[in-house]
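Here is what each chain is made of, one letter per residue.
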Amino acid sequence: MRRIFLTLGIFCWGIQFLTAQPIRKSSYETMLEVAEEQYQLGDYYNAIEWYEKAFEEKGDRELLPRIAELHYRLRDYVRAERAYARILRRDNEGLMDSLRYYYGRCLKMNGKYPEAIEQFGTFIRTAEDPILVKLAENERQGAELGIEIGETTKGVTVENAGRGINSPFSEYAPTLYRGGKQLYYAGFDTKDVILLDDQAENYHAKIYVASKDDLEWDDATELDNKINRPGVHSTHVSFTPDGKKMFLTRAILNGSSLVDQSKIYYSESSGDGWTAAQEVKGVNGDYLAKHPTYGELFGREVLFFTSDMDGGFGGFDIYYATLLSDGTYDDPVNLGPIINTPGNEFTPYYRDGTLYFSSDGHPGIGGADIFYSTWDGSQWSDPLNMGNGFNSSLDDRYFTLDEEGYAGFLISNRPGGRSAHGRTCCDDVYVIDIAKMYADLITGLFDENKGVLKGGKVTVYELVENNPLVKESKTNDNGNRFDFGLDLEMPYRVVAEMEGYYPDTFEFNTVGLTESQTFQHLFYLKQKPVPPKEPEYDTITIEEAIVLENILYKFDDDRIQEEAESDLQVVFDLMTEYPEMIIELSSHTDYRGPDNYNQDLSQRRAESARRWLVRNGISRDRIEATGYGEGKPKLIDSRLAPKYPDFIQGTVLTPGYIDSLPTEELQELAHEINRRTEFKILEGPTSIIIKRTSLRKSFPEKGMLDTIPPIHYLSSLYGKKNLKGVPIMDFEERIIAFGKVKRGDKRSHTYYFTNRGDTPLTISMISACDCTTTNWSGKPVPPGGRGKIEVIFDSTSKDKGETIDIDIILDNIEPASGNPIFEAIQYTFEIEP
């Protein structure tokens, strides 16, 4: 008994059976002998089992090219890619560069276009065969097309025809008949691997017909032996427009894979079915002929077909033969180099002056793509790719349409179909539906200088009762084009995003369209300002008070704490470097306690600091120690502002303000800020530059908050001078760190903000990565009012740390530009190993 397993799209390039034999314990030499025997017979499925068993036995790397080739022949491109990569990874001397063509095709058919382009480039530089170089150049152009071409085709849906038609093995040549009520196609009437004895004449490709019942196709039945001749593979069925004549191909194998004979036949419609098939005279010869289809040229009926006859341009070319008055056909004519290439052209389909066909020689996005060319009465136009949808990164062919031209079929081994070996070995029938009226959107991302922005994101929102609902979101790491199919009678908002740039929006609608329309919009994104670098040096000028940040005293205490010595050391070093410098050391207290007592306490604290410097060698007369008591309370600084967001800009930490703080913790922190020591240069250098330390400037009366730019660099208002009539989102903190996160864990944070502008603030939408969930109130935030944005980070899809941007789009408009106001917040995280 033999197990026969059909896999490939055999009737496009050849027929292949796979006869699997059980692997038994055997010597290495016997394994290789059996493997090579099965390879020569074209039994690639069985051959690869033996080769892989032999490789496991001895690990002989010389077997790897044959193993890779067999995966490639079986159209298991995932395994083939891994096998070729395994070989080339160790090929430091370029001895295996000839394999890069096939490695590149595997990458391309797996949708890895950039990697494929690199491999084809290397192959082109090293290959010597001009035909292979030409094919590689076409493949590289096809991979580039795969990056550039849109992801959808206008108004087209392509779906698998389902289990009623498709089996785990390949189907071929779907063709509608009788006004679309019947579907003819070729295939093998089996759902499982078949066990056969030596009499295999019952296991051949046959032509089937299925009838449509409402929306579903009934189970197909095979045609009688007038068409399906025993011992012969019958396939490639097509019809004349009047339905009176059927064309088909009959093929005979030599062994298990080699096609010994392939000829074109015809049958005529009769009252009780189809007449016995007869050979078409004039198109057959000592060559393979297949894929017959009716056509018209020069006002005459012709038959298009595929053949490998001598004198062609490549493997298989498309020919036509003109019907003569006696029912025979004139000598075949090659369609020429516009249509045919050094590769293979096949499965022609003619309709109203347009020839549709498949090719692996023209630049395509997959292994074989569907193209079309129009006939102007004297010549064919340059073939055009049918685009994504009709085509995929795999093999697509046998394109046909119904009488009306809005529905049809094609054959493909794209992922998602039924496949007996791997994901892509076998072809399925796919149903094409072309909308009579459609709307779609094409967008492109550019910077302000019209430079291409790759790696961006575009999200389309449906505006349902003015509430934006995500319809579709796409990223494009390899290009800047984004294509979307749209629904009719729907308003839309589109948001374009790119890391390091402000997002942008575009609104339109498909309401009231009377004809198909493609909406196009180019986004020119404005780059966000680069965050200002923390200065490496501080400049200290004369009479400028500098806070000694670490010299903070306990309540009612004047002793220098150990942690204060680092700041005093900085002062000591400066006074040593500038011997002419005379400084003031001033000390301040909080307001608790009597005024006189606080004045005395502050004086004692200043003297404590001076004593430390004098003990370390600084002359006493170079230091003026002054106590100001509670007379100069400090302004709010960064230590208090984030903890108490309801502050008023420029607020001084007076007794009344401190008492109004809602918690004892905040009140104590405010007292601590007031208890400080400062120094300033009285005489000597007018300014000095020092390495940035923990020292910080104590800003004059307008206060520290007034010196910080009121608009954060993550706001589109950053750098704008006219802020009248706009809201200003003042966040407690725009950038937070989640620290180390275990993959799969979630973190949450609430970003609080205050509207510092003079206009109510309304958030239109918030956009972030798929790992981020946001929640906010859609109610306007009045001037001076507070709002919040809740953020949940899900680390499930992350394997390394990064910074996540959350873009906030306001309903408010910038007066100068007329653009929406954009704000941004961020969070960072690290993934625990």
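Counting from 1, residues in each chain are numbered in the order their sequence is written. In view of the model being predicted, local features appear only for residues whose pLDDT reaches at least 70, and side-chain atom pairs are presented and counted only at 80 or more, with totals across whole chains, interfaces and linings using the full set of residues. Only hydrogens and water are set aside; all other atoms, that is, all heavy atoms of the structure, feed into the side-chain values.

**Some details on the overall build of the protein**
Each helix is a run of H or I in the DSSP string that is no shorter than four residues. Each strand is a run of E no shorter than two, and both are numbered from the N terminus. Broken down by element type, the protein carries 13 helices and 47 strands. For the protein, buried positions account for 53% of its 833 residues. Only heavy atoms matter for contacts: two residues are in contact if any of them lie within 4.5 Å across the pair. Counting contacts in the protein only where the partners sit at least 6 residues apart, residues at least 24 apart contribute 60% of the total. About 39100 Å² of surface is accessible on the protein, with carbon and sulfur atoms providing 47% of the total. A 1.4 Å probe rolled over the protein chains alone gives each residue an accessible area, and that area as a share of the maximum for its type sets the label: buried under 20%, exposed over 50%, partly exposed in between. A 1.4 Å probe and the Shrake-Rupley method give the accessible areas. Residues count as covered only by the protein chains that appear here.

**Things to note about the packing of helix H5 (residues 77-88) against helix H6 (residues 100-109)**
Lines fitted to the C-alpha atoms define the axes, with helices restricted to the stretch that makes contact. Angles between their N-to-C directions range from 0 to 180 degrees. Two elements in contact, H5 and H6, have axes whose closest approach is 9 Å; the angle formed by their N-to-C orientations is 140°. In terms of orientation, H5 lies oblique with respect to H6. Handedness of the crossing formed by H5 with H6: left-handed. Contacts from Tyr 77, Ala 80, Glu 81, Tyr 84, Ala 85 and Leu 88 in H5 reach Arg 100, Tyr 102, Tyr 103, Cys 106, Leu 107 and Met 109 in H6. We call Asp, Glu, Lys and Arg charged. Ala, Val, Leu, Ile, Met, Phe, Trp, Tyr, Cys and Pro are nonpolar, and the rest, Gly among them, are polar. Considering only residue class, the contact of H5 with H6 consists of 10 nonpolar, no polar and 2 charged. If an angle is under 35 degrees, it is roughly parallel; if it is over 145, roughly antiparallel; if it lies from 65 to 115, roughly perpendicular; otherwise it is oblique. Left-handed describes a crossing whose near helix is turned anticlockwise from the far helix by less than a right angle; the clockwise case is right-handed.

**Let's talk about the sheet that holds strand E24 (residues 407-412)**
Taking strand neighbours across the sheet as the criterion, the 4 strands line up as E3-E25-E24-E23 in an open arrangement whose pairing is antiparallel. In this open sheet, the two edge strands, each paired with only one partner strand, are strand E3 (156-160) and strand E23 (396-401). Adjacent strand axes in the sheet meet at a mean angle of 25°, parallel and antiparallel pairs treated alike. Here E3 pairs with strand E25 (residues 428-434) via 5 bridges, running antiparallel. Of the residues in E25, the one forming a bridge with Thr 157 is Asp 433. Only strands joined by at least two bridges in the DSSP assignment are considered to pair.

**Topic: the packing of aromatic side chains**
Here a Phe, Tyr or Trp ring, Trp counted by its six-membered ring, pairs with any other such ring whose centre lies within 6.5 Å, and the pair is stacked when the planes are under 30 degrees apart, edge-to-face when over 60, and tilted otherwise. If you walk through the whole model with that rule in mind, you get 34 aromatic pairs. Where Phe 304 meets Trp 380, the ring centres are 6.2 Å apart and the plane angle is 65°; that geometry is what we call edge-to-face. Pair noted here: Phe 304 is in strand E16 (residues 300-307) and Trp 380 is in the loop between strand E21 (369-374) and strand E22 (384-385), with a separation of 76 residues, a long-range link. Trp 380 gets classed as buried once you look at its relative accessible area, which sits at 7%. Relative to Phe 508, the ring of Phe 506 lies with its centre 5.2 Å away and its plane at 15°, an arrangement referred to as stacked. We classify Phe 506 as buried; its relative accessible area is 17%. Through successive ring pairs, a cluster of aromatic residues spans Tyr 72, Tyr 77, Tyr 101, Tyr 102, Phe 120 and Phe 123. For a lysine, the NZ atom is tested; for an arginine, the CZ atom; a charge sits over a ring if that atom is within 6 Å of the ring centre and within 35 degrees of the ring normal. Above the face of the Tyr 266 ring, Lys 245 is positioned so that its terminal group lies 5.1 Å from the ring centre. One cation-aromatic arrangement involves Arg 250 over Tyr 265; the distance from NZ or CZ to the ring centre is 4.8 Å.

**Quick look at helix H7 (residues 113-126)**
End to end, H7 covers 20 Å across 14 residues, agreeing with the expected 20 Å (1.5 Å per residue, within 8%). Along H7, the positions that sit buried rather than exposed are Tyr 113, Ala 116, Gln 119, Phe 120, Gly 121, Thr 122, Phe 123 and Ile 124. Here the buried face of H7 lies against H5, H6 and helix H8 (130-148). One fewer than the residue count of a helix, multiplied by 1.5 Å, yields its expected span.

**Re the environment of Tyr 172**
Considering the arrangement of structural elements, one finds Tyr 172 in strand E4 (residues 172-177). For the pair Tyr 172 and Thr 235, spaced 63 residues apart in sequence, the C-alpha to C-alpha distance is 7.1 Å.

**Looking at the pattern of salt bridges**
When charged atoms on two side chains of opposite charge get close, those side chains can pair. Should a side-chain nitrogen of Lys or Arg be within 4 Å of a carboxyl oxygen of Asp or Glu, the pair is scored as a salt bridge. Applying the stated criterion to the full structure yields 31 salt bridges. Here Arg 351 makes a salt bridge to Asp 352, at a shortest N to O gap of 4.0 Å. Here Arg 397 and Asp 427 are joined by a salt bridge, their closest N and O atoms 2.8 Å apart. Within this pair, whereas Arg 397 is found in strand E23, its partner Asp 427 is found in the loop between E24 and E25, the two being separated by 30 residues in sequence. Assigned by exposure class, Arg 397 and Asp 427 land together as buried.

**Here's the deal with the nonpolar core**
One recurring pattern in soluble globular proteins: nonpolar side chains tend to sit buried together. By convention a nonpolar core is built from buried Ala, Val, Leu, Ile, Met, Phe, Trp, Tyr and Cys residues, the set being connected through side-chain atoms within 4.5 Å. Ranked by size, the top nonpolar core spans 44 residues in total, and within it Tyr 51, Leu 63, Ile 67, Leu 70, Tyr 72 and Tyr 84 carry the most contacts. Listed by contribution, the elements that provide at least two residues to this core are helix H2 (28-40), helix H3 (44-58), helix H4 (64-73), H5, H6, H7 and H8. Ignoring sequence-local partners within four residues, the contact set of Ile 67 consists of Ile 48, Tyr 51, Glu 52 and Phe 55. Membership of the second largest hydrophobic core comes to 30 residues, among which are Phe 731, Ala 768, Ile 808 and Tyr 827.

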